[in-house]
Amino acid sequence: MIAMDLRGVPCPMNWVRARLLLETLDAGAELQLQLDPGEPIESVPRSAVEDGHDVAVDGTCVTITKR
Amino acid sequence: MLSEREIERYSRQLVLPEWSGAVQQRLKDATAIVIGAGALGSPAATYLACAGVGRIGIVDGDWVEISNLQRQPLHYTPDIDAQKSESAAQKLGVLNTEIMVEPYPVEVDPDNAAAIVAGADVVLDCTDSFAARYLINDACCAERIPLVEGGALGFGGIVFAIRPGASACYRCAFPTAPANAPICSDVGMLGAAAGVIGSLQALEALKLLAGVGRLPGDRILQFDGLTLEQTLVQTSRRRDCSACAGLAASQESRA
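All of these numbers come straight from a predicted model, not from anything done at the bench.

Rules behind the numbers
- Residues numbered from 1 in each chain as written.
- Chains lettered and ligands numbered in written order.
- Predicted model: local features only at pLDDT ≥ 70, side-chain atom pairs only at ≥ 80, totals over all residues.
- Helix = DSSP H or I, 4+ residues; strand = E, 2+ residues; numbered from the N terminus.
- Rg over C-alpha atoms; globule rule 2.2 N^0.38 Å.
- Buried ≥ 20, exposed ≤ 12 C-beta atoms within 10 Å, placed from the backbone.
- Contact = placed C-beta atoms within 7 Å.
- Core = buried A, V, L, I, M, F, W, Y, C linked by C-beta atoms within 7 Å.
- Nonpolar A, V, L, I, M, F, W, Y, C, P; charged D, E, K, R; others polar.
- Pairing = 2+ DSSP bridges.
- Axes fitted to C-alpha atoms, helices over the stretch in contact; angles between N-to-C directions.
- Parallel < 35°, antiparallel > 145°, perpendicular 65-115°, else oblique.
- Left-handed = near helix turned anticlockwise from the far one by under 90°.
- Right-handed = clockwise from strand over helix to strand, strands pointing away.

Asks: Which residues make up the overall build of chain A, and what values go with them?
Replies: Helix and strand counts for chain A stand at 2 helices and 4 strands. Helices (α) and strands (β) of chain A occur, in sequence order from the N terminus, as β-α-β-α-β-β. For a compact globule of 67 residues, the expected C-alpha radius of gyration is about 11 Å, and chain A comes in at 10 Å, within 12% of that figure. Projected onto its principal axes, the C-alpha positions of chain A cover 30 × 20 × 20 Å. Evaluated residue by residue, chain A yields a buried proportion of 28% over its 67 residues. Contacts in chain A between residues at least 24 apart in sequence constitute 55% of all its contacts with a sequence separation of at least 6.

Asks: Tell me what's going on with the nonpolar core, and back it up with residues and numbers.
Replies: In terms of nonpolar packing, the biggest core is built from 69 residues, with B:Ala32, B:Val34, B:Ala45, B:Leu48, B:Ile56 and B:Val123 touching the most fellow members. If one sorts the elements of this core by residue count, helix H10 (residues 191-210) of chain B sits on top with 11 residues. If near-sequence neighbours (up to four positions away) are discounted, B:Leu48 is found in contact with B:Ala32, B:Val53, B:Ile56, B:Ala202, B:Ala205 and B:Leu206. Counting 15 residues, the second-largest nonpolar core is a separate cluster that includes A:Val9, A:Ala18, A:Leu33 and B:Tyr10.

Asks: Tell me about the interface of chain B and chain A, and please be specific about residues and values.
Replies: At the interface, 9 residues of chain B touch 9 residues of chain A. Split by residue class, the side of chain B that touches chain A holds 5 nonpolar, 3 polar and 1 charged.

Asks: I'd like a description of the sheet that holds strand E1 (residues 2-5) of chain A, backed by residues and values.
Replies: Residue and element names in this part refer to chain A. Across the sheet, which stays open at both edges, the 4 strands sit in the order E1-E2-E4-E3 with mixed pairing between neighbours. The sheet is open, and its two edges are formed by E1 and strand E3 (54-58), each paired on a single side. The average angle at which neighbouring strand axes cross in this sheet is 20°, direction not considered. With respect to the sheet, helix H2 (residues 39-50) is in contact with strand E2 (30-34), E3 and strand E4 (61-65), its orientation differing from that of E3 by roughly 165°.

Asks: Lay out the packing of helix H4 (residues 41-51) of chain B against helix H5 (residues 84-95) of chain B in plain terms, naming residues and giving numbers.
Replies: In helix packing, the relevant descriptors are the interaxial angle and the interaxial distance, both defined with respect to the helix axes. Residue and element names in this part refer to chain B. Two numbers describe how H4 lies on H5: the axes approach to 9 Å, and their chain directions differ by 30°. Here H5 runs roughly parallel to H4, going by the angle between their axes. At the point where H4 passes H5, the crossing takes the right-handed sense. Contact with H4, carried on its side by Gly41, Ser42, Ala45, Thr46, Ala49 and Cys50, involves Ala88, Leu92 and Leu95 of H5 and no other residues of that element. Considering only residue class, the contact of H4 with H5 consists of 6 nonpolar, 3 polar and no charged.

Asks: How would you sum up the sheet that holds strand E7 (residues 219-224) of chain B? Please name residues and give values.
Replies: All names here are of chain B. Across the sheet, which stays open at both edges, the 8 strands sit in the order E3-E2-E1-E4-E5-E6-E7-E8 with mixed pairing between neighbours. Here the strands that pair on one side only, and so sit at the sheet edges, are strand E3 (100-104) and strand E8 (229-234). Within the sheet, the average angular offset between the axes of one strand and its neighbour, ignoring direction, is 15°. As defined by bridge partners, strand E4 (residues 122-125) adjoins strand E5 (residues 147-153) across 3 bridges and the pair is classed as parallel. Its bridge partner lying in E5, Asp125 is registered against Glu149.

Asks: So what about the pairing of E2(A)? Which residues, and what values?
Replies: All names here are of chain A. Only one face of E2 is covered, namely the one carrying Leu31 and Leu33; the face carrying Glu30, Gln32 and Gln34 has none of its residues buried. Summarising the sheet, E1 and E2 pair through 4 bridges and their orientation is parallel. Opposite Met4, over in E2, you have Leu33 as the bridge partner. Of the pairings in the sheet, the one linking E2 to E4 comprises 5 bridges and is antiparallel in character. When the bridges of E4 are listed, Leu33 appears paired with Val62.

Asks: Explain the pairing of strand E2 (residues 55-59) of chain B residue by residue, including any values.
Replies: All names here are of chain B. Of all the 5 residues making up E2, 4 are buried; the element is thus mostly covered by neighbouring parts of the structure. In the sheet, strand E1 (residues 31-35) pairs with E2 via 5 bridges, with the strands oriented parallel. Looking at E2, one finds that Ala32 is bridged to Ile56. Bridge count for E2 against E3 is 5 bridges, and the pairing is parallel. From the neighbouring strand, Ile58 faces E3, where its bridge partner is Pro103. Regarding topology, H5 serves as the crossover connection from E2 to the parallel E3, and that connection is right-handed.

Dropping the structure here:
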């Protein structure tokens, strides 16, 4: 599992960075993100779902499984 | 590789579902030639530069006049008497410092058309004469370079993206120039209407370079700014077209 600490990175740059990293991963790979509460934890998982990935949220930690 | 600055600069398109780092890299590696730095070329080249097309050539042999400024937003009042391709290239270079913009202060003619389009990944025809359109079309067909035609007059215009060998070319759609065609100095033109057409040319060019959206071809968009009515006119390849009849679709480099 690859981890990325995106605390302190505002929207939409947090998702931009996660997305660019996801692009380099193989399907099925997992990416764990640490996000700020508020807008980041609300919008990043939604964007990941819209991109077609599997998403699990635990507090401010998001695990994305690349589709 | 995209730099940190580029990732921030292009962040609002990098979040588009259709976009990606790989798409952005394709734009960065691409060359676009914009022929004409006037009413169409100003908005078209601006959006190509904003979006991060890595190398943009601006071709125009004309000088800025005060009567241009009402519809050619890359030129400002202090640019009067400046060379248009240089005035445009200077603005674009400031707008996006990550790209390369090259001015070519020449008019397209039969001797230089092939050299002007050579090496381009896409050409935008933002000229205002039928003679130039046929020259550019024929040169792009010969080299199989995608071409986005645009024309504006009054409150409206047309946009027509061409993939030589795969879709109708300008000569297929318009085999001969209309007699007594109206021109801008007679009929007039509103800058905002030309801006719509130039922006649509940039959009089609960016989609072609990025490989996103519906591939353009065989459709001419007509836009009437007075009514906001848009019409897609169907066209098709001519088997006897002097520019593109010999091009087989199967040889197209990118479908």
